[in-house]
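So you can see what is in the structure, the chains are spelled out below.
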Amino acid sequence: GGIITQTPKFLIGQEGQKLTLKCQQNFNHDTMYWYRQDSGKGLRLIYYSITENDLQKGDLSEGYDASREKKSSFSLTVTSAQKNEMAVFLCASSPDSAETLYFGSGTRLTVL
Amino acid sequence: QQQVRQSSQSLTVWEGETAILNCSYENSAFDYFPWYQQFPGEGPALLIAIRSVSDKKEDGRFTIFFNKREKNLSLHIKDSQPGDSATYFCAARPYNNNAPRFGAGTKLSVKP
């Protein structure tokens, strides 16, 4: 089996700060995702990547950048943290068919 | 706008009852519908899934009923157990890309 590792588990930032979340997978999956989880709103897709150096915008990409420099890693940058950014950010990977997504346990972001 | 809708934010049932969680969608491009189960502090994990060519998928106590014409589906959890208490996400994957969309989730509580 494989594992998705998200770092850090908890991230505290100041309003206006640029913050980076990291994700690593050892499944050797081609596709990786970033979702944002807010209470009552479920999971919303921010970015995904179907291969190294590929980036595809999701439904909530404004205010975020992403980077897929290696097949095994996918990072997400909050370009200017806002107080309403407080949420859990979930990284996932999947084989080509995207029939099963394997999720990490998330990074909880708090903006002061 | 949410492309996948779950009608209840929360649901409480007694141990032994059948829990029914409902989901609907609008996009006809969706052809694969997984349900994910999430426990607190963890990422979601695939529970059961159905393809749009089928109208029913059963796996142990879990059954998906799918109505393509009405664009809705439901997850039935038979003989609910306290260990089934979790948040359940309905998701949908379009046939033409690898980016599943998720509903807002239903938090199920099973009382002993």
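Look above for the structure.
Residues numbered from 1 in each chain as written. Chains lettered and ligands numbered in written order. Predicted model: local features only at pLDDT ≥ 70, side-chain atom pairs only at ≥ 80, totals over all residues. Heavy atoms only, no water.

Enquirer: For this particular structure, what's the right way to read the interface of chain A and chain B?
Expert: Many descriptions give the size of an interface as the accessible area lost when the pieces come together. The interface of chain A with chain B comprises 22 residues on the first partner and 22 residues on the second. Summing both sides of the interface, chain A and chain B together bury roughly 1700 Å²; the carbon and sulfur share of this comes to 49%. Looking at the side of chain A facing chain B, the largest losses of area belong to Leu43, Glu99 and Phe103 of chain A, adding up to 29% of the total buried there. Across the chain A-chain B interface, the total number found is 3 salt bridges. One salt bridge connects Arg101 of chain B with Asp59 of chain A, and the closest N-O pair in it is separated by 2.8 Å. Across the chain A-chain B interface, the total number found is 8 residue pairs in polar contact (both at pLDDT 80 or more). Within the residue set of the side of chain A that touches chain B, elements represented by two or more residues are β4 (31–38) and β5 (42–49) of chain A. (Contact = heavy atoms within 4.5 Å. Buried area = accessible area lost by both parts, 1.4 Å probe. Salt bridge = Lys/Arg side-chain N within 4 Å of Asp/Glu carboxyl O. Polar contact = N/O pair within 3.5 Å; in protein donor to acceptor, adjacent residues only side chain to side chain. Helix = DSSP H or I, 4+ residues; strand = E, 2+ residues; numbered from the N terminus.)

Enquirer: For this particular structure, what's the right way to read the packing of aromatic side chains?
Expert: Residues and elements named next belong to chain B. In the structure shown here, the tally under the stated rule is 14 aromatic pairs over all chains. A ring pair is formed by Tyr25 and Phe30, whose centres lie 6.1 Å apart and whose planes are at 65 degrees; its orientation type is edge-to-face. Phe30 carries the same exposure label as Tyr25, and that label is buried. Considering the side-chain rings of Phe89 and Phe102, the 6.5 Å spacing of their centres and the 75 degrees angle between planes classify their relative orientation as edge-to-face. (Phe/Tyr/Trp six-rings, centres within 6.5 Å; stacked < 30°, edge-to-face > 60°. Buried < 20%, exposed > 50% of the residue type's maximum accessible area, 1.4 Å probe, protein only.)

Enquirer: So what exactly am I meant to see when it comes to the sheet that holds strand β3 (residues 19–25) of chain A here?
Expert: Think of a sheet as strands paired side by side through backbone hydrogen bonds, with each pair either parallel or antiparallel. All names here are of chain A. In spatial order, the strands read β1-β3-β8-β7; together these 4 strands make up an open sheet with antiparallel pairing. Edge positions in the open sheet fall to β1 (4–7) and β7 (64–70), since each of these has one partner strand only. In this sheet, adjacent strand axes meet at a mean angle of 20 degrees when their direction is disregarded. Relative to β3, β1 runs antiparallel, the two sharing 4 bridges. Counterpart to Thr7 in the pairing with β3 is Lys22. (Pairing = 2+ DSSP bridges. Axes fitted to C-alpha atoms, helices over the stretch in contact; angles between N-to-C directions.)

Enquirer: Honestly, the sheet that holds strand β1 (residues 4–6) of chain B in this entry has me stumped. Any pointers?
Expert: All names here are of chain B. The antiparallel open sheet is built from 5 strands, whose spatial order is β1-β3-β8-β7-β6. The open sheet has two edge strands with one neighbour each: β1 and β6 (56–59). With direction set aside, neighbouring strand axes in the sheet form an average angle of 15 degrees. Of the pairings in the sheet, the one linking β6 to strand β7 (residues 62–67) comprises 4 bridges and is antiparallel in character. Bridge assignment links Lys56 to a residue of β7, and that residue is Phe65.

Enquirer: Mind showing me how you'd approach the state of the cysteines here?
Expert: Here the structure, examined in full by the defined rule, presents 2 disulfides over all chains. Sulfur-sulfur distance for the disulfide between Cys23 of chain A and Cys91 of chain A comes to 1.9 Å. What sets the handedness of the Cys23 of chain A and Cys91 of chain A disulfide is the S-S torsion sign, and at about -80 degrees it is left-handed. Of the two residues, Cys23 of chain A is situated in strand β3 and Cys91 of chain A in strand β9 (residues 87–94); the sequence distance between them amounts to 68 residues. When sorted by exposure, Cys23 of chain A lands in the same class as Cys91 of chain A, which is buried. Residue Cys23 of chain B pairs covalently with Cys90 of chain B via a disulfide, S to S 2.0 Å. In this structure the cystine formed by Cys23 of chain B and Cys90 of chain B twists about its S-S bond by roughly -75 degrees; its chirality is therefore left-handed. Taken together, the positions of Cys23 of chain B in strand β3 (residues 19–25) and Cys90 of chain B in strand β9 (residues 86–94) put the pair 67 residues apart, joining distant regions of the chain. (Disulfide = S-S within 2.5 Å.)

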